[in-house]
Each structure stands twice: as C-alpha cells, then as structure tokens.
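Report on the structure
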Amino acid sequence: MAAVAAEAGQGRAAWAVRALRWSARLLVACCWCSGAIFGAYIISFFGVAALRGEAARWNESLANLYDPAAPPATLAMGAHFATGGVLLLLGPLQLIGALRRRLPVLHRWLGRLYVLCAGVAGVGGLGFILARGTIGGTVMSTGFALYGALMAAAATLTYVAARGGRTEAHRAWAIRLFALTVGSWLYRMEYGAWFLAIGRDGHTADFRGGFDQAMAFLFYLPNLAVAELFVRVRRRTPGAAATLGATAVLLATTAFVAAATWFFTLRSWGPGIAAGLLG
C-alpha cells in the first residue's frame, strides 16, 4: 500500500511539473505576441516620428517626453525606446530551451545583444531622469530610476554568470532580466486595466495621484516577484500543491496579459501604429 501511495504521489508531482512547464510556455508565448505588438507601436510611432523630425509628437503619448531645449534627454529617451523594442522581441526567444540546445551559438550572440540593449535601455532611462526628471515628480523619478538601475544590474549579472560558466545562475538572472524588461510594456497595460475597471480615480494629469505614485513601483516589482517564484520552484523539488500554486499564478498572469493586450491594441497600440506609419 505504501508503495502504491508513493507511486501515486510521484505521478501527481510529475503532472504538476508538466502543468507548470506548459503554463510558463503559455505565458512566454502570450508575452511575445503582446510585446511584438507593443514593439511595433514603439518603432512605428516614436521611431518614425523621430526620423521625420517630429519628436514633439512623443508628447502625445506621455507629456513632457520631448523638449527641444534638452537634446541630451531626447537622445537618452530615444536610445531607451529603440533598445526597448529590441528587448521585447528578443526576450522570449532567449527563453526557448530548444533554441538554446540546438543553436547555442545563436543563443549566445542574441544574448549579448539582449544584455547590451537592456543595459542601454536602463542607462538611457536613468539619463533622461537625471537630465529632466519625470512628470510625476520625486516619487515617479525614484521609482523609474530604481527600475533603470535594476535593469542595468540584472543585465550585468546575467552576462557575468554566463561568462563564468554558472549556467543555473545565468538562467535565473536571465529570467529576472526578462521580467524587468517587460515592465515598460506592462506599465501601459496596467493603466488600461485600472481605467477600464476603476476609472480615473487615483490618476491625475501630472501623474501625482495615489494610483500614479503606486504605479511608479508596481509596474516592475510584481513581475519580478513572479519571476523569483518561478526561479525558486525550478531550483527545488516542491510538492504538487506548491507547484500547482505557481502554475495558477502564471495562468492568472497570462489571462491578464491577453485581456490587456486586446484592450490596448484596439484602443491605443493599433491606432498608434497607423498614425505613425501614415503620418
């Protein structure tokens, strides 16, 4: 009887691990699709506007982004936008195990590009904050500066672990870095979800409302926590209950990303892509 019970327990644990693995793949696929749409929006709207000499249109998306009297800040933000679009497209590719195993050279070179872009995106954002600050004042500047610093640190530690041959540490930091790089994309979607569910309560035009100040940190800390949960579950052999709990978190995150992507594509990203390409 004991042997039968142990075998049944092992079967449940194996099923739970498979569920976790597939829920993670589903989340990555959903993030990739959403990130690709958002990346297209960034490139077509912000990038095309800059190439046409119409960087002032950036302020249509978020006030105070462009100031003709502050070219260093504009350059820093332009670098942030350009590298951010690359990150959204490359990130999911680097998490595909089959690609790492079959094309390790491609994985390494894409990884170098990814880490470089993450570092530039983080430093570019920090440069803009140092040069001009943010529309939301001290709280928003602090939250965004911490985000940029974490991005740069995670990119560095991902590269250092890879160079040192510490595979598990490299994968863990790569997962954390990916969770951070999707932060700017989640920032828009979380605002959309709040406006749809609650309305404009907590938001002000100068981004100094209660919700605005909370969002200065919440657009990256929760996804970093989800990444940390996934990393820790991978390192251990948890029970079926803990594994299924992690699976539930990943599935809930996937549902949110899918719903928010649909909303934003219809209301913002789709029209923004059209406006950028058609002028």
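Only a predicted model underlies this, so the values are computations on that prediction, with no experimental measurement involved.

Calculation criteria
Residues numbered from 1 in each chain as written. Predicted model: local features only at pLDDT ≥ 70, side-chain atom pairs only at ≥ 80, totals over all residues. Heavy atoms only, no water. Helix = DSSP H or I, 4+ residues; strand = E, 2+ residues; numbered from the N terminus. Rg over C-alpha atoms; globule rule 2.2 N^0.38 Å. Buried < 20%, exposed > 50% of the residue type's maximum accessible area, 1.4 Å probe, protein only. Contact = heavy atoms within 4.5 Å. Areas by Shrake-Rupley, 256 points an atom, 1.4 Å probe, with all protein chains shown as cover. Lys, Arg positive; Asp, Glu negative; His and termini not counted. Salt bridge = Lys/Arg side-chain N within 4 Å of Asp/Glu carboxyl O. Polar contact = N/O pair within 3.5 Å; in protein donor to acceptor, adjacent residues only side chain to side chain. Axes fitted to C-alpha atoms, helices over the stretch in contact; angles between N-to-C directions. Parallel < 35°, antiparallel > 145°, perpendicular 65-115°, else oblique. Left-handed = near helix turned anticlockwise from the far one by under 90°. Core = buried A, V, L, I, M, F, W, Y, C linked by side-chain atoms within 4.5 Å. pLDDT = per-residue confidence, 0-100. Expected span 1.5 Å × (residues − 1). Bend = angle between axes of the 7 residues up to and from the residue.

**Brief notes about the overall build of the protein chain**
For the protein chain, the helix and strand inventory stands at 10 helices and 0 strands. Start at the N end of the protein chain and walk to the C end: the helices and strands fall as α-α-α-α-α-α-α-α-α-α. Computed over the C-alpha atoms, the radius of gyration of the protein chain is 20 Å, within 12% of the 19 Å expected from 2.2 N^0.38 for a compact globule of 279 residues. Overall, the C-alpha framework of the protein chain stretches about 75 × 45 × 35 Å when taken along its three principal axes. Within the protein chain, buried positions represent 42% of all 279 residues. The contacts of the protein chain with a sequence gap of at least 6 include a subset with a gap of at least 24, amounting to 72%. Here the protein chain has roughly 14100 Å² of accessible surface; of this, 69% comes from carbon and sulfur atoms.

**Regarding the side chain of Asp212**
You can see Asp212 is positioned in helix α8 (residues 210–218). This buried residue, Asp212, is left without a salt bridge; Arg200 holds the nearest opposite charge, at 8.3 Å. Among the polar contacts listed, one links the side chain of Asp212 to the backbone nitrogen of Thr204, at a separation of 2.9 Å. Side-chain polar atoms of Asp212 contact the backbone nitrogen of Arg208, separated by 3.5 Å.

**Considerations on the packing of helix α4 (residues 104–132) against helix α5 (residues 137–163)**
It is at 8 Å that the axes of α4 and α5 come closest, and there the two elements cross at 155 degrees. Considered as vectors, α4 and α5 are oriented roughly antiparallel to each other. When the axes of α4 and α5 are compared, the crossing they make is left-handed. For the pair α4 and α5, contact is made by Val115, Ala118, Gly119, Ala121, Gly122, Leu126 and Ile129 and by Ser141, Phe144, Ala145, Gly148, Ala149, Met151, Ala155, Thr158 and Tyr159, respectively.

**Thoughts on the nonpolar core**
Formed by 58 residues in total, the largest nonpolar core has its most connected members in Phe46, Trp58, Met151, Trp185 and Met189. In terms of residue count, the dominant contributor to this core is helix α1 (residues 2–51) (11 residues). If near-sequence neighbours (up to four positions away) are discounted, Trp185 is found in contact with Cys31, Ser34, Gly35, Phe38, Leu88, Val257 and Trp269.

**Some words on the confidence of the model for the protein chain**
Averaged over all residues, the pLDDT of the protein chain is 81; the fraction at 70 or higher stands at 91%. Within the protein chain, α1 has the poorest average pLDDT of any element, 72, and α8 the best, 94.

**Thoughts on helix α2 (residues 71–94)**
Spanning 24 residues, α2 covers 34 Å between terminal C-alpha atoms, matching the ideal 34 Å at 1.5 Å per step. Helix geometry: α2 is bent most strongly at Leu88, by close to 30 degrees, with proline Pro92 lying one to four residues after it.

**Description of α5**
Every α-helix carries 3.6 residues per turn, so stepping three or four residues along brings you back to the same face. For α5, built from 27 residues, the straight-helix expectation of 39 Å at 1.5 Å per residue is met to within 8% by its first-to-last C-alpha distance of 39 Å. Residues of α5 that are buried include every one of Gly137, Met140, Ser141, Gly143, Tyr147, Gly148, Met151, Ala152, Ala154, Ala155, Thr158 and Ala161, and no others. Structurally, α5 contributes buried residues whose contacts are with α2, α4, α6 (167–181), α7 (183–197) and α8. Looking one or two residues beyond α5, the residue adopting positive phi is Gly165, at roughly 75 degrees.

**Some details on the pattern of salt bridges**
Applying the stated rule across the entire model yields 2 salt bridges. Note that Glu168 and Arg171 form a salt bridge whose closest N and O atoms lie 3.6 Å from each other. You can see Glu168 and its partner Arg171 sitting in helix α6, 3 residues apart, about one turn around the helix.

**Some words on the side chain of Thr254**
Tracing the backbone through its elements, the reader meets Thr254 in helix α10 (residues 240–278). If we ignore the near neighbours within four places in the chain, the residues touching Thr254 are Ser23, Leu26, Leu27 and Cys30.

**Description of the environment of Ala69**
Examined against the element boundaries, Ala69 turns out to sit in the loop between α1 and α2. A residue is classified by how much of its surface remains accessible, and Ala69, at 67% relative accessible area, is exposed. Between the C-alpha atom of Ala69 and that of Val231, which follows or precedes it by 162 residues, the distance is 45 Å.

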